[in-house]
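Structural features, examined
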Amino acid sequence: MKNVIGLINFHSSPEISPLTDNRPLGSTSFLGRYALCDFALSAFCNAGIDTIGLLVKDHQRSILKHVGSLDSWTRNTKTSQRIIMYNEPGHQNLACNTDLQNIKENDWALYDSNANYIVVAPAHIIASLDLRPILAEHIARHEKITVVGTKVKDASKEFLSENILKADKDGCIYDNYPNPGDEKGPAILSMAIYIINRTVLADMIHRFLPANPSLDLRKLIYQAAEEGQYQCHLHLYEGYARCIDSFDHYMEYSFELLNPEIAEQLFRPDWPIYTKSHDTPPALYGAKSSVKDSMVANGALIEGNVEHSIIGRNVRIAPGANVKNAIIFSSTHIGENALIEDALIDKYSMITRSKKIGGTKENPLYLHQGAIV
Amino acid sequence: MSIKIAAMILAGGKGTRLQSLTRKTAKPAVSYGGKYRIIDFPLSNCANSGISHVGVLTQYESSELNTYIGSGRNWGINGVDALMSVLTPKQTEEGSSWYRGTADAIYENLDWLDEIDPEYVLILSGDHIYSCTYNEMLNLTEEKDADCTISVCEVPWEEASRFGILETDEEGNILAFKEKPKQPKSNLASMGIYIFKYKSLRSALVADAKDETSDHDFGKNIIPSMLEGGKKLIAYTYKGYWKDVGTIASLHQANMDLLLSGDPTINLMSMTGGQRIYSEDNHATPQFIGPKATVKDCLINQGAKVYGSVDHCVISSDVIVEEGASVANSVLMLGARIEKGAKVVDAMIGPHALVEEGEEVKPEKGTIALVSNKKALGR
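Residues numbered from 1 in each chain as written. Chains lettered and ligands numbered in written order. Predicted model: local features only at pLDDT ≥ 70, side-chain atom pairs only at ≥ 80, totals over all residues. Heavy atoms only, no water.

1. Let's talk about empty space enclosed by the protein
- The full count for this structure, using the stated rule, is 5 cavities of 30 Å³ or more.
- Taken as a whole, the largest cavity spans an internal volume of roughly 120 Å³.
- A:Arg33, A:His278, A:Thr280, A:Arg313 and B:Gln302 are the residues nearest the centre of the largest cavity, which is lined by 14 residues in total.
- Empty space within the second largest cavity amounts to approximately 100 Å³.
- A:Phe39, A:Ala40, A:Ala43, A:Ala121, A:Pro122, A:Ile125, A:Ala127, A:Leu129, A:Met191 and A:Ile193 are the residues that line the second largest cavity.
- Put simply, the parts of the chain that give the lining of the second largest cavity at least two residues each are α1 (38–46), β6 (117–122), β7 (125–127) and β11 (187–197) of chain A.
- Take the lining of the second largest cavity: its biggest share by element is 3 residues, from α1(A).
- Partitioning the lining of the second largest cavity into residue classes produces 10 nonpolar, no polar and no charged. (1 Å grid on protein atoms, 1.4 Å probe; cavity = no way out; pocket = protein on both sides within 12 Å on 5 of 7 lines; lining within 4 Å. Points joined across faces, edges and corners; volume = space filled by probe spheres on them. Helix = DSSP H or I, 4+ residues; strand = E, 2+ residues; numbered from the N terminus. Nonpolar A, V, L, I, M, F, W, Y, C, P; charged D, E, K, R; others polar.)

2. Let's talk about the packing of helix α6 (residues 198–210) of chain B against helix α7 (residues 218–228) of chain B
Residues and elements named next belong to chain B.
- Direction vectors running N to C along α6 and α7 enclose 115°, while the axes themselves pass 10 Å from each other. As for how α6 packs across α7, the hand of that crossing is right-handed. Contact residues: Ser-200, Leu-201, Ala-204, Leu-205 and Asp-208 in α6; Phe-218, Asn-221, Ile-222 and Met-226 in α7.
- Class assignment of the residues belonging to the contact of α6 with α7 gives a composition of 6 nonpolar, 2 polar and 1 charged. (Axes fitted to C-alpha atoms, helices over the stretch in contact; angles between N-to-C directions. Left-handed = near helix turned anticlockwise from the far one by under 90°. Contact = heavy atoms within 4.5 Å.)

3. Here's the deal with the pattern of salt bridges
All names here are of chain B.
- Under the definition given, this model contains 24 salt bridges over all chains.
- Its salt-bridge partner being Arg-37, residue Glu-64 comes within 3.0 Å of it at the nearest N-O pair. Of this pair, Glu-64 sits in helix α2 (residues 62–69) while Arg-37 is found in strand β3 (residues 36–37), placing the two residues 27 residues apart along the sequence.
- By relative accessible area, Arg-37 is classed as buried at 19%.
- Taking the shortest distance from any N to any O, the salt bridge between Glu-356 and Lys-375 comes out at 3.7 Å. Linking Glu-356 in the loop between β25 (354–355) and β26 (360–361) with Lys-375 in the segment after β27 (369–371), this pair joins segments that are 19 residues apart in sequence.
- Overall, Glu-356 belongs to the partly exposed group, its relative accessible area being 32%.
- Salt bridges sharing common partners tie together Lys-4, Glu-119 and Glu-142. (Salt bridge = Lys/Arg side-chain N within 4 Å of Asp/Glu carboxyl O. Buried < 20%, exposed > 50% of the residue type's maximum accessible area, 1.4 Å probe, protein only.)

4. Topic: the packing of aromatic side chains
All names here are of chain B.
- In the structure shown here, the tally under the stated rule is 16 aromatic pairs over all chains.
- Plain terms: the ring middles of Tyr-36 and Phe-41 are 5.6 Å apart, the flat faces sit at 70° to each other, and that makes the pair edge-to-face. The pair formed by Tyr-36 and Phe-41 is uniform in burial state, with each residue classed as buried.
- Geometrically, the ring pair formed by Phe-196 and Phe-218 is tilted, given 5.6 Å between the ring centres and 40° between the ring planes. Taken together, the residues Phe-196 in strand β13 (residues 188–197) and Phe-218 in helix α7 connect sequence positions 22 residues apart.
- Since its relative accessible area comes to 0%, Phe-196 is described here as buried.
- Here Arg-37 stacks its cationic end above the ring of Tyr-68, 4.6 Å away from the centre of that ring. (Phe/Tyr/Trp six-rings, centres within 6.5 Å; stacked < 30°, edge-to-face > 60°. Lys NZ or Arg CZ within 6 Å of the ring centre and 35° of its normal.)

5. What to know about the interface of chain B and chain A
- Counting residues at the interface gives 35 residues for chain B and 34 residues for chain A.
- For the pairing of chain B and chain A, the buried interface totals around 2900 Å² over both sides, and the portion due to carbon and sulfur atoms is 54%.
- The largest share of the area that chain B buries against chain A comes from B:Leu260, B:Met269 and B:Pro286, three residues that together contribute 23% of it.
- Seen at the junction of chain B and chain A, the total is 1 salt bridge.
- Between the two partners, chain B and chain A, sit 20 residue pairs in polar contact (both at pLDDT 80 or more).
- Sorting the residues of the side of chain B that touches chain A by element identifies β16 (287–289) and β17 (294–300) of chain B as the ones contributing at least two each.
- It is β17(B) that provides the largest number of residues to the side of chain B that touches chain A, a total of 7 residues. (Buried area = accessible area lost by both parts, 1.4 Å probe. Polar contact = N/O pair within 3.5 Å; in protein donor to acceptor, adjacent residues only side chain to side chain.)

6. Concerning the pairing of strand β11 (residues 164–168) of chain B
All names here are of chain B.
- With respect to burial, β11 is a largely interior element, 4 of its 5 residues being buried.
- Here β11 pairs with strand β12 (residues 174–179) via 5 bridges, running antiparallel. Along β12, the bridge assignment pairs Ile-165 with Lys-178.
- Hairpin connection between β11 and β12: a loop of 5 residues separates the two successive antiparallel strands, and Gly-172 in this loop has a positive phi of roughly 90°.
- The sheet contact formed by β11 and β13 spans 2 bridges and is antiparallel. When the bridges of β13 are listed, Leu-166 appears paired with Leu-188. (Pairing = 2+ DSSP bridges.)

So, in structure tokens, the structure goes:
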């Protein structure tokens, strides 16, 4: 799609301490093999969008390490454009380190482009969403702004970092406000995916940003509608969608994908999820290992027991070790006869022989990167 | 900038003894180790040796192999100044013919080598499994100012008559070379890995091409004629894992060598940094081990789903082992499917092959069964 620019928005992801103390949520590991932003990048790639910008807020090293030159998500490495967008002045003034200031700073997307449409997708929402029919609808209806939303069963428990949307029968959004977290029951929540006509975005930034430099895209769309400047159209997405808005949800949504029926909704044969290749060998299992109900990434070496867990790349689990209800990030070593239960162990950690650590199902333990226990 | 060394990989062989696995696939493209194809090994070795000019000579069922090699991107041989070429037999002013032998294959592509004009040429087989760099062998060639260095390994004396055997003096100079000698005088077997001074190789190949009685083979013709002509040929002793898999049983064994219980001289997990074996990434999901599965002593690639019991197996991407199925001492290739209640022992299950519900695959003791029905396609 030559007339579309895709922007991955790292600004709009919530901070999930302690998981995001040293990395943005978008480049955080997921299911042992992916980074969370792979889902949005794959959506662009599968939709044939080949002008891609990454709106980087901070921790760019972590993002660049994963995405490199974005070759892994690009169909043609010559005809495509891939741009890392970084808001240098935003670092002098953190209140203004917003997605809109970033777009304004890198204004090729607004002014130096032939694209008619800009698609913004967040790095922390997991879905296998086909943008093509949504764009087609946006174009056919001559919309200026389309917001993609999803129906959730209980707004007080899901998509807590996103906006509640209310639309009339025509799909015209008449109310749009941050999820307060106390409205029980079903609602339509924004997936923070926006399709905006390029000239409309340029106009909105020109009009609203000077008066309010800390404005972000989410508020801008709300404000533009509020003041009657631009109407927003709701596209309701019906497939699997999860918003990583808290540490608990990170754990819950990871584990729920161990259920093959749920995993099949996200991983569809016609919808590949691309990620960086690490050229790690297949996983090796020892003669005395026992592994059940788990996802295992390549490069793992398992000689112990693993149950209901997610094992990352290059993880070593020594003989006699027990890992249960746990997520182990890449390159962590679990020593002989150690016991890990209800925990997330971050990268490059070492659990020494016979150590027992863990939390509870309701309150899992987090062990920071590089910990030696 | 002058080019130190270019590699030519002989990948045209049919591999008849691999039966149906090579009916539609060239032997170097046969899958191995759950993730790889055999040719990933020599190609990764070239990449890890810093060799950036590689020609792959293909002939038999070449389209799958040619497609796989592509631009060399899988092995990183696509950087600045790098050149990865698939060299198939071609039509010329003199006519056209298939490659008549290993030496003829190189001879027919002297124009490719002339264009690069390397100081040395490395000749490799596309169907050997081993992990090394060729730098030490090249250093030795330069140090001794040899016209040709042949990589050798020690084989058991009783098997020596199956190989091309070299006799050397104390300094490693090659005195004689005999293909499959009845009474071997040494147990140093040629591994089919050669480094030639390009000038010496070129003149030997041109002379050989004119000889109508020649089989145009490196072992049978080129090496003996260079020895006769008084050229300096030396041996380089290779220590480490090296396999030329010719049969279903030896391919099965080479797979089992990769397991933790297998051969400690080949360990994929220890091949890190500049020793990795690179391959195609197939965008598969992480592997999933089901709640009732048992997995013992296995090598399993991403994208596999195991709900049944697997013991002493090598399992590729997109394989499904259903609940209640049991598989032991077997290799399950890309997309194979073992339905519930099926029992598989001592087998190679080919790409996209199906073992149906309740079916039993069990060969005679001491042999390996091969299932290659492609019936799992579209299931």
